[in-house]
Amino acid sequence: GDSVTQMEGPVTLSEEAFLTINCTYTATGYPSLFWYVQYPGEGLQLLLKATKADDKGSNKGFEATYRKETTSFHLEKGSVQVSDSAVYFCALSDQEGGKLIFGQGTELSVKP
Amino acid sequence: NAGVTQTPKFQVLKTGQSMTLQCAQDMNHEYMSWYRQDPGMGLRLIHYSVGAGITDQGEVPNGYNVSRSTTEDFPLRLLSAAPSQTSVYFCASSYSSGGWSAYEQYFGPGTRLTVT
């Protein structure tokens, strides 16, 4: 079945460092791909999405490109802030829509 | 819009008790889902619904029941609580933002359940 694999955390960075969180997927068909963010004590919020190959999603300085050839959707940010500390989830929307398959989440901690 | 609301925020149950977690959305979304979040395992789908009167099982449905009598509400029932059901439960609703798989999900704030 479809699956999502993320790099393990926790990831600890200094403020203004470059961030990459790796995400790869296995899917039949042509899923949409998402990054969600969960701040401490809160629910999940959509960070960005891409619906077809070579699409780039971007929001709040974060970017991810849908790479069909490598089945990847890595999350990047050029300069992280303390306020970016959260858990990041990569997910795909399967062929039936409406259902998301999540990776295990990557905890990011940014130190001043 | 209130978005997706969940009640209660916290609940402690004894083994064998039953309860219902409430979920409501005011965005007229057709799709609604229940997930559980456990450390190191991401979110796993329990049950979902593609519209009023239609529900189906997700990855981890055992021990849970759902019904969808209206578009707005999607309650999750724990039939006989077990310690293995200690988790954080999230309800979500979704709509298609373009294309058959481009469903954006909106999550509620979660219910933290402890079963002793």
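Residues numbered from 1 in each chain as written. Chains lettered and ligands numbered in written order. Predicted model: local features only at pLDDT ≥ 70, side-chain atom pairs only at ≥ 80, totals over all residues. Heavy atoms only, no water.

A separate point is the packing of aromatic side chains. Enumeration according to the criterion identifies 10 aromatic pairs over all chains in this entry. Ring geometry for A:Tyr25 versus A:Tyr66: centroids 6.0 Å apart, planes at 85°, classification edge-to-face. In this pair, A:Tyr25 sits in strand β4 (residues 23-26) while A:Tyr66 sits in the loop between β8 (62-65) and β9 (75-77), placing the two residues 41 residues apart along the sequence. Residue class for A:Tyr25 comes out buried when judged on its relative accessible area of 7%. For A:Tyr66, a relative accessible area of 2% gives the class buried. Between A:Tyr36 and B:Phe107, the aromatic rings sit 5.5 Å apart at their centres with planes inclined by 80°, giving edge-to-face as the arrangement. Here A:Tyr36 is found in strand β5 (residues 32-38), whereas its partner B:Phe107 is found in strand β10 (residues 103-107) on a different chain. (Phe/Tyr/Trp six-rings, centres within 6.5 Å; stacked < 30°, edge-to-face > 60°. Helix = DSSP H or I, 4+ residues; strand = E, 2+ residues; numbered from the N terminus. Buried < 20%, exposed > 50% of the residue type's maximum accessible area, 1.4 Å probe, protein only.)

Turning to the interface of chain A and chain B, a few remarks are in order. Chain A puts 24 residues into the contact, and the matching count from chain B is 22 residues. Interface area, chain A with chain B, both sides summed: about 1,800 Å², of which 55% is carbon and sulfur. Linking chain A to chain B there are 0 salt bridges. Connecting chain A to chain B are 4 residue pairs in polar contact (both at pLDDT 80 or more). Breaking the side of chain A that touches chain B down by element, the ones donating at least two residues are β5, β6 (44-50), β10 (86-93) and β11 (100-102) of chain A. No other element matches β5(A), which puts 4 residues into the side of chain A that touches chain B. (Contact = heavy atoms within 4.5 Å. Buried area = accessible area lost by both parts, 1.4 Å probe. Salt bridge = Lys/Arg side-chain N within 4 Å of Asp/Glu carboxyl O. Polar contact = N/O pair within 3.5 Å; in protein donor to acceptor, adjacent residues only side chain to side chain.)

Residues and elements named next belong to chain A. Overall, antiparallel pairing links the 4 strands, which are arranged β3-β9-β8-β7 in an open sheet. The two strands at the open ends of the sheet, each matched to only one other strand, are β3 (19-21) and β7 (56-59). Between one strand axis and the next, the sheet turns through 15° on average, direction left out of account. Pairing between β7 and β8: 4 bridges, direction antiparallel. For Asn-59, the partnering residue across the bridge sits in β8 and is Phe-62. (Pairing = 2+ DSSP bridges. Axes fitted to C-alpha atoms, helices over the stretch in contact; angles between N-to-C directions.)

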